[in-house]
Amino acid sequence: MSFAFNGPLTVSPGAQVTVVNKDSVMHTVTADSTGGFDVSVPAGGTATFTAPTAPGSYSFHCSIHPSMKHGTLIVK
Ligand SMILES: [Cu+2]
């Protein structure tokens, strides 16, 4: 990730989404709006979360590094 999210990411409703962290520090993938996804991704590791079931565009951020640019998950 290099302190930046790749994307935008397009997935199917309810899909299992695996993210890869290529940095040497932990990041999170946290939906900007509550009730969405929120996973911690260990340094050099992966994490999997379930995409929302409602189609739409979901922006997300890293809760550890507020200065990181937000990413976008598109569900359709
Ligand atoms: Cu981070």
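Quick caveat: nothing in here was measured; it's all calculated off a predicted structure.

(A) Up close: the environment of Pro8. Structurally, the position occupied by Pro8 is in the segment before strand E1 (9-11). What makes Pro8 exposed here is its relative accessible area of 56%. Remark: the alpha-carbon pair of Pro8 and Leu73, spanning 65 residues in sequence, is separated by 5.9 Å. Among all residues touching Pro8, those that are not within four sequence positions of it are Thr72 and Ile74.

(B) Focus on the side chain of Thr30. The residue Thr30 is located in strand E3 (residues 27-31) in this model. Those residues in contact with Thr30 that lie beyond four places of it in its chain are Phe37, Asp38, Ser59, Phe60, His61 and Ser63.

(C) Main features of the nonpolar core. Core analysis: the biggest nonpolar cluster contains 18 residues, and Val19, Val29, Phe37, Phe49 and Leu73 have the highest contact counts within it. The set of elements that each furnish at least two residues to this core consists of strand E2 (16-20), E3, strand E4 (38-41), strand E5 (46-50), strand E6 (56-61) and strand E7 (71-75). Look past the residues within four positions of Phe37 in its chain and what remains in contact with it is Val29, Thr30, Ala31, Phe49, Thr50, Pro52, Tyr58, Phe60 and Leu73.

(D) Looking closely at the sheet that holds E3. On the basis of which strands lie adjacent, the open sheet formed by five strands has the order E1-E7-E6-E3-E4 and mixed pairing. For this open sheet the edge positions go to E1 and E4, each flanked by a neighbour on one side alone. On average, each strand axis in the sheet is tilted by 25 degrees relative to the strand beside it, whichever way the strands run. Of the pairings in the sheet, the one linking E3 to E4 comprises four bridges and is antiparallel in character. Within E4, the residue paired with His27 across the bridge is Val41.

(E) Broad picture of the packing of aromatic side chains. Applying the stated criterion to the full structure yields three aromatic pairs. Between the aromatic rings of Phe5 and Phe60, the centroid separation amounts to 4.7 Å while the plane-to-plane angle is 75 degrees, which identifies the pairing as edge-to-face. Of this pair, Phe5 sits in the segment before E1 while Phe60 sits in strand E6, and the two are 55 residues apart along the sequence. Its relative accessible area of 15% is what places Phe5 among the buried residues. Put simply, the rings of Phe5, Phe37, Phe49 and Phe60 touch in pairs and so form one group of aromatic residues.

Conventions used here
- Residues numbered from 1 in each chain as written.
- Predicted model: local features only at pLDDT ≥ 70, side-chain atom pairs only at ≥ 80, totals over all residues.
- Heavy atoms only, no water.
- Helix = DSSP H or I, 4+ residues; strand = E, 2+ residues; numbered from the N terminus.
- Buried < 20%, exposed > 50% of the residue type's maximum accessible area, 1.4 Å probe, protein only.
- Contact = heavy atoms within 4.5 Å.
- Core = buried A, V, L, I, M, F, W, Y, C linked by side-chain atoms within 4.5 Å.
- Pairing = 2+ DSSP bridges.
- Axes fitted to C-alpha atoms, helices over the stretch in contact; angles between N-to-C directions.
- Phe/Tyr/Trp six-rings, centres within 6.5 Å; stacked < 30°, edge-to-face > 60°.

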